[in-house]
Amino acid sequence: MAMWLCKHLNSNLLSVANLMAKEFSSLAADARRHYQKFKTVPSMLLIRLVQERLSEEDCVRRGWILDGIPETREQALMIQTLGIVPRHVIVLSAPDTVLIERNLGKRLDPQTGEIYHTTFDWPPESEIQNRLMVPAGISEGETAQKLLEYHRNITRILPSYPKILKVIPADQPCVDVFSQALTYVQSIHRSNAPFTPRVLLCGPVGSGKSLQAALLAQKYGLVNVCCGQLLKEAVADKSKYCEMILPFFEKEAAVPDSIIMKVLSQRLDQQDCVERGWVLHGFPRDLDQAHVLDSWGYKPNRVFFLNVPFDSIAERLTLRRTDPVTGERYHLMYKPPPTMEIQARLLQNPKDADERIKLRMDLFYRNAADLEQFYRQAITLNGDQDPYTVFEYIESGIINPLPKKVP
């Protein structure tokens, strides 16, 4: 089903198998080694593979379909934390007895890797018929065990996608299943908010803006507009702004506001942003940029400042480490490595160095007072708490009338 949708929508299919098969990727190589040894891929490594693949030009330009990912609630939360938000989620449902019967009929061509079925897809060529084999792991007992694990996980995954989920009965002709799936993925979700929200999230690096934007986009159907990601997409898509942006990227210099606004306005003027609303983060960062945004006619009707002290930001970012062997990410306080051997080889991203984080935080807070003065109806929140508690406060600020501030 996923393959049919990909072909029809000209999108990219991402499954565990084809992510691991990717060439020239150190993450994919690590995943293959781990799978060969343990017959599984660590969740963090798998999600990093997904993130790496989604950042590539063809996925940015043509879109993507995740097939069988996430497999657990932990993976679903990791995906949300990275700001990866699907527009549609489809669950194909059928009785276990039907699924077991379908699985038992599978046959594998060892030469081509093609999968056939004794009832639904039997090859007409006798030469192929004679060499077909029964794949490993499809016995009734093994299939029942896999289904038990699936049911245990799916009930914890589905609450992560409450507004964009559709369950389609798969115990019907494939053409009918495909037709229902295609109709759903081509639909546009209406926002559940009481008005068309135009939300601006402000906060220092590490304050959780990306996660909050992803949660808002998921629950209310808003368009998640990350300024930095827009610029990367403009370069990856070889848009008309690519040549203007690329020299600044190569020099690791700031892109001029005039160029940023051209890219940003192109996105905010699209139909989905106009109809469903948007949540913007990463711009504006100072008073001049706020004036520019306002002069172009993009006026947010909800503005939130996420305040987080430097000590908490430093704790979140400076203690992050990556295992260069497995690609697994650790946090020396919240997720320490299991052995001293792993701890000894962990590496820190230069961007997470204490000095660089302090410089970026100082820059934000130097401009924060002017921004708060400009956006007089802004709501300031304590971002130094559980992210889902922060989201509840943001949600309350969106669905309730703005409080009147005493002059």
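As annotated in an unreviewed UniProt entry, the protein chain carries the name Adenylate kinase 8 isoform X4 and comes from Vicugna pacos. The record held by UniProt for the protein chain lists under Sequence similarities (unreviewed entry) the comment "Belongs to the adenylate kinase family."

A few words on the overall build of the protein chain. From N to C terminus, the protein chain includes 20 helices and 13 strands. Over its C-alpha trace the protein chain gives a radius of gyration of 24 Å, about what one expects of a compact globule, namely 22 Å for 407 residues. Each principal axis of the C-alpha distribution contributes one length, and for the protein chain these read about 80 × 50 × 40 Å. Across the 407 residues that make up the protein chain, the buried fraction comes to 42%.

That bond from I69 to P70 is cis: its omega, 5°, falls within 30 degrees of zero. With respect to the helices, strands and loops of the structure, P70 is situated in the loop between β2 (64-66) and α6 (73-81). Note that the residue after F283, namely P284, is joined by a cis bond; omega there is 0°. Here P284 lies in the loop between β9 (278-281) and α16 (287-295). Here the phi dihedral of E252 falls at roughly 55°; this positive angle occurs in a residue that is not glycine. Overall, E252 belongs to the exposed group, its relative accessible area being 75%.

Moving on to the packing of helix α7 (residues 96-104) against helix α9 (residues 140-157). With their axes 10 Å apart at the nearest point, α7 and α9 run at an angle of 135° to one another. Regarding the angle of α7 to α9, the classification is oblique. Crossing handedness for the pair α7 and α9: right-handed. Residues D96, L99, I100, N103 and L104 of α7 touch α9, and the partners they reach there are E140, T143, A144, L147 and H151. Class assignment for the residues of the contact of α7 with α9 results in five nonpolar, three polar and two charged.

What follows is about the packing of aromatic side chains. What the rule picks out here adds up to two aromatic pairs. Pairing F364 with Y365 gives two aromatic rings, centres 5.0 Å apart and planes at 75°, and the pair type is edge-to-face. Both rings, one in F374 and one in Y375, keep their centres 4.9 Å apart while their planes meet at 90°; by these two values the pair is edge-to-face. Residue classification places Y375 among the buried residues on the basis of a relative accessible area of 10%. For K335, the ring lying beneath its charged end belongs to Y330, and the centroid distance is 5.7 Å.

On to the pairing of β9, then. The two faces of β9 match: W278 and L280 on one face and V279 and H281 on the other face are all buried. Bridge analysis of strand β7 (residues 198-202) against β9 gives four bridges, and the strand direction is parallel. Bridge pairing in β9 places R198 opposite W278. Alignment of strand β8 (residues 223-226) against β9, held across four bridges, turns out to be parallel. Pairing of N224 across the sheet is with V279, part of β9.

A separate point is the pattern of salt bridges. Applying the stated rule across the entire model yields 17 salt bridges. One salt bridge in this structure joins D30 and R33, with 2.2 Å as the shortest N-O distance. With D30 and R33 both in helix α3 (residues 26-38), this residue pair falls three residues apart, about one helical turn. Among the salt bridges present, the one from D109 reaches R131, with a minimum N-O distance of 2.8 Å. Residue D109 is found in the loop between β4 (106-108) and β5 (115-117), and its partner R131 is found in helix α8 (residues 126-131); the two are separated by 22 residues along the sequence. One continuous salt-bridge network, built from bridges that share partners, spans K22, E52, R53, E56 and D58.

Turning our eyes to something else, we now look at helix α19 (residues 354-374). Over its 21 residues, α19 runs 30 Å from end to end, which matches the ideal 30 Å to within 8%, given 1.5 Å per residue. Along its length, α19 shows its largest kink, about 40°, at A368. Taken together, the buried positions of α19 are I357, M361, F364, N367, A368 and L371. Looking at the packing, one finds that the buried side of α19 touches β7, α16, β10 (302-307) and α17 (310-317).

What counts as what
Throughout this document, residue positions are counted from 1 along each chain, in the order its sequence is written. At least 70 in pLDDT is required for a residue's local features to be given in this predicted model, at least 80 for side-chain atom pairs to be given and counted, and no such filter applies to totals for whole chains, interfaces and linings, which use all residues. Processing note: side-chain calculations cover all non-hydrogen atoms of the structure and skip hydrogens and water entirely. UniProt positions are given in the numbering used here, feature names are shortened, and annotations may be inferred rather than shown by experiment. Under the scheme used here, helices are H or I runs from DSSP no shorter than 4 residues and strands are E runs no shorter than 2 residues, and both carry numbers assigned from the N terminus. Note on method: radius of gyration uses C-alpha positions; expected globular size equals 2.2 Å times residues raised to 0.38. Only protein chains enter the accessibility calculation, which uses a 1.4 Å probe; a residue whose area is less than 20% of its type maximum is buried, one above 50% is exposed, and one in between is partly exposed. Angles run from 0 to 180 degrees between N-to-C directions of axes, and those axes are lines fitted to C-alpha atoms, restricted for helices to the stretch in contact. Throughout, the term roughly parallel applies to angles under 35 degrees, roughly antiparallel to angles over 145, roughly perpendicular to angles from 65 to 115, and oblique to all others. Should the near helix be turned anticlockwise from the far one by less than a right angle, the crossing is termed left-handed; should it be turned clockwise, right-handed. Contacts are assigned to residue pairs with any non-hydrogen atoms lying within 4.5 Å of each other. Residues were grouped as follows: Ala, Val, Leu, Ile, Met, Phe, Trp, Tyr, Cys and Pro as nonpolar; Asp, Glu, Lys and Arg as charged; and all remaining residues, including Gly, as polar. For Phe, Tyr and Trp, rings pair up if their centres lie within 6.5 Å, where Trp contributes its six-membered ring, and each pair is then called stacked (planes under 30 degrees apart), edge-to-face (over 60) or tilted (otherwise). A ring is scored as having a charge over it whenever the NZ atom of a lysine or the CZ atom of an arginine sits within 6 Å of its centre and within 35 degrees of its normal. In this analysis, strands are considered paired if DSSP registers two or more bridges between them. The salt bridge criterion pairs a side-chain nitrogen of Lys or Arg with a carboxyl oxygen of Asp or Glu, the two atoms within 4 Å. To estimate how far a helix should extend, the number of its residues minus one is multiplied by 1.5 Å. Think of it this way: the bend at a residue is just the angle between two axes, each fitted to seven residues, one set ending at that residue and the other starting at it.

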